[in-house]
Structures are given as structure tokens and as C-alpha cells.
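Residue strings, one per chain:
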Amino acid sequence: MLKVYKGGKGSPPSNKRPVIARVRSFIRLLCAMVFLAVGCSILLVVLLKWVDPPFSSFMVQERVRGAFSAGGQQKIRHRWVPLTRVSPHIALAVLAAEDQSFTTHRGFDFKAIRKAIRQNRTGKRLLGASTISQQVAKNLFLWQERSLIRKGLEAYFTVVIELCWDKRRILEVYLNTAEWGDGIYGVETAALTYFKKSARELSRDQAALLAAILPNPSIYSARSPSSYILHRKNWILRQMRQLGTKPLDALKLGRPSSEKPAKGYAAK
């Protein structure tokens, strides 16, 4: 008996339905993976509100690069200290150098972004406008090379971090994960390496010098600072004086002791 199909006598059934079903299944799987990734990332950020991260993404990447380099694996030095054991001088110096609107913005400094865009269009030296919150997102979860994908993920993690953490926690994580030289991570390690003292004992001058090398610690050094770094250190000291204690009061940090910076200071 001849079976009649829809679409014409004796014609085979259409293959469109199986294809559409497979596409729908793929879309559902993709959505499930995205929701799972978002959920896991939010859970991780919430967990790190209370748990101190033992390492950052940048530390892992440096270890991997060292394992495959001809020079051998780079030793990673890192020691976590709570914000209560960090000198207010270094907290103020970092804010003065990296993000003066830290206590008032919600993760993004749009005024600085507009200024950077205007200056970069003129062909001058490229300016960045990353806040401390954005740098925490990048250092902790992402990678160094610039790309639209990384910037998008950086913006996402910045929003989540700002929603889940307070400003004290963001600054604490930043100070403990920032790179201050090859294999030198965290302000405690930097203070011990360059000045043979703990982060709690850093002076105003030493704090400004450490903050001065943050833009590119693999090139700049606090051990033998160049004239550019010394000039930048003095600029940071002026910014610290202008900011005063207002940012520290907003973060409920202790006020730094008053001391006059020594002229022409260099790290020992």
C-alpha cells in the first residue's frame, strides 16, 4: 500500500524538524553553560569576600610561563596581610597614584575614561583609566593581554565585585595581589624585599616610591629608581598631601603619622 506524506504523494518526510531540534538543543545547552559560568563566578566572588585568595590569575600565569621558558621557573613570592597590618601611608599612596576617586565611584571612573579617550585620540602616550576595582578583577581572574573579550569580562567582574564587597575589602585584595616586581606579589612581600621591613612600618616616602612603580613593575624598580620614578614619587607625595586624610577616613583606616619626606630618597 502506497503511503502518502504531507508535501506530496510519495515524498519523504522533511529533515527540517530534526535540524531545528538540534539547534534548539544546542542553544539550551549553551544557555545552561552561560548560566552555570555566571553562577559559579558570582559564588566565587561572594566566597572571596571572606576567604583570602591564596593566589591570583597573574601568579598562575607567571608560573606557567616560567615552566616553559628557557630561564626556568620564576619564583613567586607572596605573603598575605590584612588591611589592619598595612601602613595608612601605602593605602593613601596607592589611592593617590592609581585611583583618587576610589571611595566615591562604583567601579568605573567615567571622568577619567573620557579624559583618557581624548588624550589617546591626540596620538600622545596612551593613558589608562582603570580603577582599583577593575585592576582587582583583572589581577584576580583574568589575563594581561588587552582584548575586547578581556575588557568585557573585566567590566563584568568589576560590577560583581562592587556589588559583593565593600571598599575596604577591594583595597585589601588589591594591595595583596598587585605585582611589585618580577615574582613579587603583595605589599608585604614588596616591603620586605625592598626595605627589609613589614608593610605596617612603611614610611610616607617608601609608600610613595612603591606606588610609583605600579604602572609597570617589570620595568621600573624601587631598588634603583630612575629619575622618572623619583619624579613620579614626588608627584604622588604632592597628591597625597592634597587628598589629606579624607579617603582614609572614608575607609575607616588609621591616620598616618605626620612626617616630612626626605628629598631625593632612594630605596636601599
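This report concerns the structure included in the present document. (Residues numbered from 1 in each chain as written. Predicted model: local features only at pLDDT ≥ 70, side-chain atom pairs only at ≥ 80, totals over all residues. Heavy atoms only, no water.)

## Considering the side chain of N176
Looking at where N176 falls in the secondary structure, it is placed in helix α7 (residues 167–177). For N176, a relative accessible area of 1% corresponds to the buried category. Among the polar contacts made by the side chain of N176, one reaches the main-chain amide nitrogen of V81 at a distance of 2.9 Å. When sequence neighbours within four positions are dropped, the list of residues in contact with N176 reads M59, H78, R79, W80, V81, Y185 and G186. (Helix = DSSP H or I, 4+ residues; strand = E, 2+ residues; numbered from the N terminus. Buried < 20%, exposed > 50% of the residue type's maximum accessible area, 1.4 Å probe, protein only. Polar contact = N/O pair within 3.5 Å; in protein donor to acceptor, adjacent residues only side chain to side chain. Contact = heavy atoms within 4.5 Å.)

## Concerning the pattern of salt bridges
If the charged atoms of two oppositely charged side chains come close together, the side chains can form a pair. By the definition in use, this model includes eight salt bridges. The partner of R169 in a salt bridge is D52, and the shortest N-O contact between them spans 2.9 Å. Taken together, the residues span a long stretch of sequence, with R169 in helix α7 and D52 in the loop between α1 (16–47) and α2 (57–67) at a distance of 117 residues. You can call R169 buried: its relative accessible area is 8%. Judged by its relative accessible area of 37%, D52 falls in the partly exposed class. The residue K167 makes a salt bridge to E162 at a minimum N-O spacing of 2.9 Å. E162 carries the same exposure label as K167, and that label is buried. (Salt bridge = Lys/Arg side-chain N within 4 Å of Asp/Glu carboxyl O.)

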